[in-house]
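Notes for the structure review
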Amino acid sequence: MTTKAIMTGDIVVSIPARLLITSNDALESDLKVPLKQFSEKISPMLLLCVFLINEKCKGALSFWAPYICCLPEDFSTPAYFTREILDLLPSNLRTKALEQRRTVKSGLKKLTRFFQFARRPDIVSLLSGKLFIWAWFLVNTRSLYMEQGADSTFDKAENDVNVLAPFLDLINHSPTVQVSGAFNTSKQCYEIATSTTFAKYDQVFIHYGPHDNEKLLLEYGFLVPSNPHSVVSVPLEEVASHMWGGDADRGKLTERCDLIREHRLWDLNFSTVGLSWHLSLCLNILCLGTVDYEREEWRSIVSGSSEAPAYCTELSKKVAIEVLQAALEKILDCCRILDALPIQDGHSEMVLQLYHRKDEILRKCLIILS
């Protein structure tokens with residue numbers, strides 16, 4: 001809550017460089033010798049995890065103890081979900097959540113080896129519990145983007161761009177505000193300026209990015225009701241499954257799907273304003289008649305130099321409605337299962353909220369198509 005009106009261009013928060021936690025803090029900590037001597041390269045993100053874990057284990061003796069004491073102990077990201085709830089996530093989100101779990105597991109193994117090398121059995125004994133996953137998600141959910149200088153200690157597969165900014169990470173996200181953030185070299189502080197005005201006593205928000213609810217849930221562990229960036233994604237395989245028995249046989253349909261992937265038409269989704277451009281192109285390629293397809297009429301459709309034939313557009317619309325209705329049925333089935341689950345940690349309620357927003361989007365899109 002702001003104690004005064006905030007105008008466009010005003011700085012809403014400024015954090016001095018000495019209070020920013022970077023990978024360099026880990027490299028200059030009491031663990032700097034084993035970090036330099038460790039045979040494996042550690043990513044900048046894992047270096048931040050090393051720093052947080054080490055400082056947390058110091059307790060009240062750590063300079064950062066007041067900050068660490070204010071941090072959450074658990075998170076509501078899918079990595080904390082039971083397998084039962086995880087399996088009920090939308091397929092694309094479930095795939096990403098499982099990949100994230102594998103990344104976390106790999107990081108745990110590497111830091112276990114590091115702390116064993118550093119002869120810190122006190123930390124090793126705690127890592128496989130909540131300690132490592134706590135540190136990993138603190139960095140993942142609360143760090144801001146700020147490019148830094150490279151160090152030979154780093155795993156070059158990951159850029160050094162994660163910085164923790166105490167206090168700044170307490171400000172919530174809104175999809176409707178506009179802000180800009182950067183490090184002010186003359187003032188030696190990280191600043192966020194707003195392009196959105198706030199009246200006196202308003203809650204001040206910042207903007208994490210134009211993320212839909214799946215991205216917000218995966219990376220930050222929360223959802224935004226009526227998120228304007230939310231869409232309903234559909235896999236290419238799901239779209240193509242509604243084409244069996246149509247103009248193309250299986251072999252030719254596979255060829256068309258390969259063509260769609262080759263042209264990177266990956267953004268296949270429904271929104272409150274209709275089909276995404278990629279989904280429209282995808283459907284037109286799949287629904288194009290054999291003669292027109294073999295004459296490569298799809299090239300002019302993809303380039304935008306000509307429109308799809310009327311018969312193709314009509315069939316595309318029909319298939320889109322079938323795909324949309326199938327998606328609505330899946331959402332209904334998942335909601336029934338979630339409703340029957342015992343309430344635990346609020347995770348099933350979050351997934352229900354996610355599906356309710358998707359249901360709302362699809363029904364608005366269906367009205368447009370109909």
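Up top you'll find the structure we're talking about.
Everything numeric in this text was worked out from a predicted model, so none of it was measured. (Residues numbered from 1 in each chain as written. Predicted model: local features only at pLDDT ≥ 70, side-chain atom pairs only at ≥ 80, totals over all residues. Heavy atoms only, no water.)

We now examine empty space enclosed by the protein. Across all of its chains, the model carries one cavity of 30 Å³ or more by this definition. Here the largest cavity defines a volume of roughly 40 Å³. Lining the largest cavity we find Asp212, Asn213, Glu214, Ser230, Val231, Leu354 and Lys358. Elements with a contribution of two residues or more to the lining of the largest cavity: helix H8 (213-219) and helix H15 (347-369). (1 Å grid on protein atoms, 1.4 Å probe; cavity = no way out; pocket = protein on both sides within 12 Å on 5 of 7 lines; lining within 4 Å. Points joined across faces, edges and corners; volume = space filled by probe spheres on them. Helix = DSSP H or I, 4+ residues; strand = E, 2+ residues; numbered from the N terminus.)

Okay, the environment of serine 43 next. Relative to the helices and strands, serine 43 is located in the loop between helix H2 (32-37) and helix H3 (44-58). Since its relative accessible area comes to 8%, serine 43 is described here as buried. Linking serine 43 and asparagine 159, residues 116 residues apart in sequence, is a C-alpha distance of 8.1 Å. (Buried < 20%, exposed > 50% of the residue type's maximum accessible area, 1.4 Å probe, protein only.)

On the basis of which strands lie adjacent, the open sheet formed by three strands has the order E1-E5-E4 and antiparallel pairing. Where the open sheet ends on each side, the last strands, each with one partner, are strand E1 (11-16) and strand E4 (179-184). Adjacent strand axes in the sheet meet at a mean angle of 15 degrees, parallel and antiparallel pairs treated alike. The pairing of E4 with strand E5 (residues 189-194) spans six bridges and is classified as antiparallel. (Pairing = 2+ DSSP bridges. Axes fitted to C-alpha atoms, helices over the stretch in contact; angles between N-to-C directions.)

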